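# Observations on the three-dimensional arrangement
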Amino acid sequence: MGALKKFLDSNLKYFLLFLFVSCFFNYRAFTEGILLAPYNDALAQNYSVKHLYSSALKSLNFPFWNPYEFAGMPFFSEIQYGTLYPPNLILYSILNAPLAYNLNYILHFALAGFFTFLYVRLIGIKKFPAFTAGIVFGFSGFLATNKDHTAIVNSAVYLPLIMYFFEKLRRTLELRYSLLLALAIAVQVFAGNFQICVYTYLVAGFFLIFYSIKPESPHRGRFFILGVSGILLGIFIALPQILATTELFSLSWMRARKLYLGYEYFTGYHVYWEMLSSLIFPRLFEGWSPESGMSILIGILPLVLSVVIFTTGRKINSHIKFWGIVGLIGIFLSLGGDNPVYRLLYHVPVFNKIRAHGRNIFEFTFAVSVLSGFGIERLLYEKQKDYIKYVSFGLISAILLATGLVLSFQSLELKKTLISHLLSRGYQNPYLADKALSIENKFVYIPLVLMFLYLFWTYVYEKFKRPAMIYLLLVLIFLELFSLGGLQKTTGPKLSEAANLCSSEPYYKFTETDKEIYRIANIIPRELWWEVSKYNPTANLTCKTSSLTGYDPLFLEKYGDILNLWLAGLGSISWDYLINNNVILSMLGGKYLKISKEMNLNVDDVKASASAPSRTKMPSLDWTPSRSAKKHKDTYILFSPGGKDIGLIYKTLNLAKGAYAISFKAKAPEGAEGYLGVYLYPASEVNKISALRDLDSKLLIPADWLEKQYRDFHQVIKIDKSDTYTVFIITIPERPVEIKDLSMEKFEHYNPPILNTHVKDEDFIYKKISETEDYNVYLNKNYLPRAWSIAELIPVNDFYEAKRKLDFLEINLKDQAIIYKNDIDEIRRKKFSKGKVSIKKYGLNEIVISADFPDEGFVVLSDQYYPGWKAFIDGKETRIYEVNGLLRGIVVPQGKHSVIFRYRPHKILFFMTLSLFLTALTIIYIAVKKPKV
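Presented here is an overview of the structure given in this document. Computed from a predicted structure; not experimentally measured. The residue numbering used here restarts from 1 in each chain and proceeds along that chain's sequence as written. Two thresholds apply to this predicted model, a pLDDT of at least 70 for residue-level local features and 80 or more for giving and counting side-chain atom pairs, whereas whole-chain, interface and lining totals are computed over all residues. Each side-chain value is worked out from all heavy atoms of the structure, with water and hydrogens disregarded.

### Notes on the packing of aromatic side chains
As a reminder, the rule being used: Pairing of aromatic side chains requires ring centres within 6.5 Å, counting the rings of Phe and Tyr and the six-membered ring of Trp. Pairs whose planes differ by under 30 degrees are stacked, by over 60 edge-to-face, and all others tilted. The numbering of helices and of strands both runs from the N terminus, where a helix is a DSSP run of H or I of at least 4 residues and a strand a run of E of at least 2. Accessible area is worked out with a 1.4 Å probe on protein chains only. A residue is then buried under 20% of its type maximum, exposed over 50%, and partly exposed in between.
Counted under the stated rule, the structure contains 60 aromatic pairs. Look at Phe 207 and Phe 322: their rings are 5.4 Å apart centre to centre, the planes differ by 85°, and that puts the pair in the edge-to-face class. Of this pair, Phe 207 sits in helix 11 (residues 194-212) while Phe 322 sits in helix 17 (residues 318-334); the two residues are 115 residues apart in sequence, bridging distant segments of the chain. The exposure classification of Phe 207 matches that of Phe 322, with both residues buried. Taking 5.0 Å as the distance between ring centres and 70° as the angle between the ring planes, the aromatic pair formed by Phe 713 and Tyr 800 counts as edge-to-face. One end of the pair, Phe 713, is in strand 16 (residues 711-719); the other, Tyr 800, is in helix 30 (residues 799-807), and 87 residues separate them in sequence.

### Remarks on the sheet that holds strand 19 (residues 766-771)
Just so we agree on the cut-off: Pairing between strands is defined by DSSP: at least two bridges between the two strands are required.
One open sheet holds the five strands; their spatial order is 4-3-7-20-19, and the pairing between them is mixed. Looking along the sheet, the strands with just one partner apiece sit at the ends: strand 4 (546-547) and strand 19. Looking at chain direction, strand 7 (residues 590-596) and strand 20 (residues 775-780) are connected through five bridges and run antiparallel. Bridge pairing in strand 20 links Leu 593 to Tyr 778.

### Looking at the packing of helix 11 against helix 17
As a reminder, the rule being used: Axis lines are fitted to C-alpha atoms, over the contacting stretch for helices. Their N-to-C directions set the angle, which ranges from 0 to 180 degrees. To sort the angles, those under 35 degrees are grouped as roughly parallel, those over 145 as roughly antiparallel, those from 65 to 115 as roughly perpendicular, and the leftovers as oblique. Here is the rule for handedness: rotate from the far helix to the near one, and if that takes an anticlockwise turn smaller than a right angle the crossing is left-handed, while a clockwise turn gives right-handed. Between two residues, a contact is recorded if the distance between any of their heavy atoms is within 4.5 Å. Residues are grouped as follows: nonpolar covers Ala, Val, Leu, Ile, Met, Phe, Trp, Tyr, Cys and Pro; charged covers Asp, Glu, Lys and Arg; every other residue, Gly included, is treated as polar.
Viewed as axis vectors pointing N to C, helix 11 and helix 17 meet at an angle of 140°, and their least axial separation amounts to 11 Å. Compared by their axis directions, helix 11 and helix 17 come out oblique. In this structure, helix 11 meets helix 17 at a crossing whose hand is right-handed. Contacts from Val 203, Phe 206, Phe 207, Phe 210 and Tyr 211 of helix 11 reach helix 17 at Ser 318, His 319, Lys 321, Phe 322, Trp 323, Ile 325 and Val 326. Among the residues making up the contact of helix 11 with helix 17, the classes are represented as nine nonpolar, two polar and one charged.

### Considerations on the environment of Leu 742
Inspection of the secondary structure puts Leu 742 in strand 18 (residues 737-747). Along the sequence, Leu 742 and Ser 620 sit 122 residues apart, while their C-alpha atoms lie 8.0 Å from each other.

### Some details on the packing of helix 10 (residues 175-191) against helix 32 (residues 906-928)
Where helix 10 meets helix 32, the axes come as close as 10 Å, and the angle between the chain directions of the two elements is 140°. Seen along the crossing, helix 10 lies across helix 32 with a hand that is left-handed. Of helix 32, the residues touching helix 10 (which contributes Leu 175, Arg 176, Leu 179, Leu 180, Leu 183 and Phe 190) are Ser 915, Thr 919, Thr 922, Ile 923, Tyr 925 and Ile 926. Residues of the contact of helix 10 with helix 32, tallied by class, amount to eight nonpolar, three polar and one charged.

### Section: a positive patch on the surface
Test applied: Each patch is assembled from residues with relative accessible area greater than 30% and no salt bridge, linking like charges that lie within 9 Å and nonpolar side chains (Val, Leu, Ile, Met, Phe, Trp, Tyr) that lie within 5 Å. For every accessible area listed, the method is Shrake-Rupley and the probe measures 1.4 Å; residues are considered covered only by the protein chains on display. The salt bridge definition used is simple: a Lys or Arg side-chain nitrogen within 4 Å of an Asp or Glu carboxyl oxygen. When charges are counted, Lys and Arg contribute as positive and Asp and Glu as negative, whereas His and the chain ends are disregarded. One atom stands in for each charge, and that atom is NZ of Lys, CZ of Arg, CG of Asp or CD of Glu.
Taken together, Lys 13, Arg 121, Lys 126 and Lys 127 make up a surface patch of like positive charges. The exposure class of Lys 126 is partly exposed, given its relative accessible area of 42%.

### Regarding unusual backbone geometry
Even without being glycine, Leu 60 reaches a positive phi, approximately 60°. Following the sequence through the fold, Leu 60 ends up in the loop between helix 3 (41-58) and strand 1 (65-66).

### Quick word on the side chain of Ser 663
Within the secondary structure, Ser 663 is located in strand 13 (residues 658-667). Leave out the neighbours within four places in its chain, and Ser 663 touches Phe 713, His 714, Asp 741, Leu 742, Ser 743, Glu 745, Arg 804 and Phe 808.

### Thoughts on the pattern of salt bridges
By the definition in use, this model includes 24 salt bridges. The partner of Glu 167 in a salt bridge is Arg 170, with the nearest N and O atoms 2.7 Å apart. In this pair, Glu 167 and Arg 170 are both assigned in helix 9 (residues 158-172), three residues apart and thus about one turn of the helix distant. Among the salt bridges present, the one from Lys 805 reaches Glu 810, with a minimum N-O distance of 3.7 Å. Using a relative accessible area of 36% as the deciding quantity, one classes Glu 810 as partly exposed. Look at the salt bridges and you will find they share partners, linking Arg 615, Glu 745, Lys 805 and Glu 810 into a network.

Here it is as structure tokens:
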């Protein structure tokens, strides 16, 4: 306790200073009373789930499961939510969600600066340069532009603290610092971004090696062992989170997306080499860059100081040498696909599971912060005229480079050439470059003005050496950082509105009486998915209304395959098909449809039918292969040389209005990485063949489905207008994919079966019940309840066969359920009695059902099947079966019973208990063991 008191006495005032600066940096939270969550990822995912999290903690119900998105999703397993992160547990348990969210950001900007201050002080830098280094990292472009990614900010602040304990360990070789290191490692994992953790481990591993191979370092072996032990213990303490997330990732759409896109996925979201100009003009690429959250703003003077100090001091100070190398590696890795080495890194385990490697600017940013601390110390406290001349020369060079860039860009010919180049590189709107380098652009003249002020400051300080001038330098550095992050307009809602984002949505009033029983399908066009100010896909979480969609990169792959969801589950690329099919929406409890008026979907004329649809096979088709495809006998072989050219076959057909099924067999004899896609467009759009990989596929088959043996695949396509269409089957994998037995069938009618007793033959099944300026709300009269009984089980071999029965309307889910053949062998019967089923309680981690059957029955619950769920009938555990491709089902004995579903992931709970025990032991040892003097 004495050591802690001494630490607080000497450092608390600096933390409070950083906290004050953070409040000023985020002043809009106070002056405008807004949530610091912009209308993007921050509001669409991070805030909404935190609101649900806060509500759960206050009710003393830890949120292991989230029943309000995607027919249920693991909550704790989603690492980004930070459910075990101590600041989250404290803030969201005590405060209301909007206030806790804002304080979280303000606190972590302060912690980033404070932890940097502690580390830089430890390695020998005086207080003022150390404080300035903390300002540089704590309010850098990396943290400021990742304001919409809570977990990134929360995790990033622990790199300096981890390095602080590493340095303490290197100097003292005490076990207590290895244990403190372990706690910091674990807390960083719990903070929620494993990518930042991996980058931290790269820096930590390099630190261990760097100081373990230095001949002058005493006890190198002990230091290495204690350092590795600290990292491993920290990872072990965080194991419950790591195991839960690994399990979710293995079943998620994100894993499938990596398989879809391969190397293209791995290199996505990196720092393009053109973006290095942002070191001088930090806002130059705003609005027209292909990437976001990749700001490399660090400040002109800190950058110049870092270059000068590394050039002149790396041979005399090992810290300068170490962080100079880290900075160079960080910026090198951040170039991603522009870095030729990435083809090799693509095969490095763990590293190749991560995308958005532009975030390696994280290491670069911290390295520059540390080096700038050394540079400022030498500038202010060491009388070296040559050093000041080097700094002045660096600033003059930056001014000349920036001015030359602005002046040269006034050339119309050069501007056209650059715009053409940026178009070829995938920039979203390069035409904004017309004014991006104009002197009238404040984000051009502000950096230029600051460069001149820095230069003027060095001249005046060298001449007069006034003590007060060092504070002016701090102000200039902060103003430069503030020009990006602090002045950036925050577009979040008012704090009062954030408390219940769905309260302003009229359609939610229809679900108030049954919001825990039925779900809403939020149907918006792809181009509006990011306009969450109007179409927030997760607003339902703030009022606990269930939705068929949501926003989560780890939503389950099977769920995505059934609904054809894409891009983090924000919407389906086949809403027209799902609305006409109806059985998939209905079996998931989709009672309401909220449809954007910009979707132009045909909803009003969909009818239910008492008879199953029939299909007529169309004449055999002879498909035309592209140059990256060929035909061998009755087999088409598609491949994509170098992963660049698109292998495809296509056929142009005159198709009448109606529904069609495309079926084929496919295999990848040599394995594959990428995807196989089925596309259909009006023949007039065939000139877009080269861009098809960027358009909407009707079917995406991930590489792991393309086995070495042939498998059956299909897709149902609904056509609303008779026309000439071209059907494409496209492959992205570099290794060949073989396709055969291609056929097309036309449905005589594609009307869903009657599922609800209130629906009659030929009834229209969707009824408009509300309308606003932006969307219509429909009632799906054919809905199934959240839980119901069935009379017959239909066995299938695998998931894809189950999907085929749903797509082809070969099953009536009111009375039938699909189950795998291995499970039917265990159940030993297919027929069951129908009974009464009703939900008595529907909570985060528990569902209580009342069931009454005249004979043995079978209950289907329209929540996702997922490991860790247990079912109990009158207190006795029973097996849960996977039915209808992704839902839960159980056998229920004759009579009246209470059925309880509980989410109890025993393996995770065991490791949570073990983690808590180890954490307690570690803290006790640190508290009891006195540090060496």
